[in-house]
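Observations on the model geometry
The primary structure of each chain is shown beneath.
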Number of protein chains: 2
Amino acid sequence: MQPATTTDDDAAIAAGFEHFYETLRRLTPRGPLSLTAASTLRRLERSGPHRLCELYAPEGISQPAMTQLVTRLEKEGLAERTSDPNDGRAVVVSITEAGRAAVAHRRQVRAEALSELLRGLAPEEHAAVVAALPALERLSDLAAEQAS
Amino acid sequence: MQPATTTDDDAAIAAGFEHFYETLRRLTPRGPLSLTAASTLRRLERSGPHRLCELYAPEGISQPAMTQLVTRLEKEGLAERTSDPNDGRAVVVSITEAGRAAVAHRRQVRAEALSELLRGLAPEEHAAVVAALPALERLSDLAAEQAS
DNA sequence: CCTTTTTATATCACCCTCTTATGAACGGAA
DNA sequence: TTCCGTTCATAAGAGGGTGATATAAAAAGG
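One structure accompanies this document, and this report is about it. Keep in mind the model is a prediction, meaning the values are calculated, not measured. (Residues numbered from 1 in each chain as written. Chains lettered and ligands numbered in written order. Predicted model: local features only at pLDDT ≥ 70, side-chain atom pairs only at ≥ 80, totals over all residues. Heavy atoms only, no water.)

Of all residues adjacent to DNA strand D, which total 22 residues, the nearest are A:Ser62, A:Gly88, B:Cys53, B:Arg81 and B:Val91. Taking all atoms of DNA strand D within 4 Å of the protein, the share assigned to sugar and phosphate is 66%. In this structure, a base oxygen belonging to DNA strand D sits 3.2 Å away from a side-chain N or O atom of A:Gln68. With respect to DNA strand D, the side chain of B:Gln63 contributes an N or O atom lying 2.8 Å from a base nitrogen. Residue assignment for the surface near DNA strand D shows that the elements contributing at least two residues are helix H4 (63-75) and strand S3 (87-95) of chain A together with helix H3 (52-59), helix H4 (63-75) and strand S3 (87-95) of chain B. When its residues are assigned to classes, the surface near DNA strand D shows eight nonpolar, eight polar and six charged. (Near = heavy atom within 4 Å. Polar contact = N/O pair within 3.5 Å; in protein donor to acceptor, adjacent residues only side chain to side chain. Helix = DSSP H or I, 4+ residues; strand = E, 2+ residues; numbered from the N terminus. Nonpolar A, V, L, I, M, F, W, Y, C, P; charged D, E, K, R; others polar.)

In structure tokens, the structure reads:
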């Protein structure tokens, strides 16, 4: 019967992800960027400039926290504030070249550490991971649309 | 130089994991337990009591941070300190019943949120995720043994 | 128009968790 | 015993989060 097997699978998936999440977390030990800072920079890199009020909710932090984060990022030259000519209240945040470089560096460090691990996998395990990528991507999309 | 396909695959895997990691991070928004607290409790649950000096390195924090974390956990009744009769310096940390309950609850909340997402996957995507679980588990093991 | 309300950021005061530096107590070997 | 290494605790400070609140601009209402 369908429901039972699905539930069992889901429990196994949850357990696996729980463990795997910790592994990923330790793969990027400590950098100058906090988790939220890195995530926000990636968002700005990926989908362009955003108003501050569009940023804090998706990142799961409060508005004051985002104001402070943008202030820090600006101070470090990784992002910049611009004003919207059509709305005097708004602050438009965009990533700088240094910000892109920081994201790229962080990405590369993680990719290299991961690559090191991937070398330890058997070919069929490696293939299984590659085969699961589209599904993981869709999970991310589903989570994103659920949040809205 | 490695074979080109492996490098390309690894880049794709790194990119996919980067995105997926953020998804998992937001799946357990905020609880009374910090990431490190939850991870430490899971470790105590999984592999039994540990001396404090065996705990902080695997969790990626400093020794004072672990001392403070154990103090907080003890204050909340989730873990307890015991002294080792063979070594007066040592502190043995173990999880309490309340600690197990907290871990279980957190696990269940995450599992339910994940289950909700998994319902949105096509059957073959779901199967691909299940098929990749052993590989992900091995990746975690590889990372753990690399740390030692 | 002028007032009122709503929206978008910023600031304030505070808490939690991490850090480094340091101290104290115990164990083991000369 | 004495000395040194190990183990844990404490102290002081930094970073990043929160809720409450202030300010300024836009929108809404009479």
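Scanning all chains against the criterion turns up three aromatic pairs over all chains. Arranged with centres 5.0 Å apart and planes meeting at 75 degrees, the rings of A:Phe17 and B:Phe20 form a pair that is edge-to-face. In this pair, A:Phe17 sits in helix H1 (residues 2-27) while B:Phe20 sits in helix H1 (residues 4-27), so the two residues belong to two different chains. For the pair A:Phe17 and B:Phe20, one class covers both residues: buried. Consider the rings of A:Tyr21 and B:Tyr21, whose centres lie 5.1 Å apart with planes at 15 degrees: the pair is stacked. You can see A:Tyr21 sitting in helix H1 and its partner B:Tyr21 sitting in helix H1, one on each of two chains. We note that A:Tyr21, like B:Tyr21, is buried. The aromatic ring of B:Tyr21 is capped on one face by A:Arg110, whose charged end is 5.0 Å from the ring centroid. (Phe/Tyr/Trp six-rings, centres within 6.5 Å; stacked < 30°, edge-to-face > 60°. Buried < 20%, exposed > 50% of the residue type's maximum accessible area, 1.4 Å probe, protein only. Lys NZ or Arg CZ within 6 Å of the ring centre and 35° of its normal.)

So, about empty space enclosed by the protein. Under the definition given, this model contains two cavities of 30 Å³ or more. Of the pockets and cavities examined, the largest cavity occupies roughly 60 Å³. What lines the largest cavity is A:Glu18, A:Tyr21, A:Glu22, B:Thr28, B:Leu35, B:Arg42, B:Arg106, B:Arg107 and B:Arg110. Of the residues assigned to the lining of the largest cavity, the class counts are two nonpolar, one polar and six charged. (1 Å grid on protein atoms, 1.4 Å probe; cavity = no way out; pocket = protein on both sides within 12 Å on 5 of 7 lines; lining within 4 Å. Points joined across faces, edges and corners; volume = space filled by probe spheres on them.)

When you line up the elements, A:Thr28 lands in the loop between H1 and helix H2 (35-47). In this structure A:Thr28 touches A:Arg106 and A:Arg110, once residues within four positions along its chain are discounted. (Contact = heavy atoms within 4.5 Å.)

In short, the description is geometric, and any link to function would need to be established separately.
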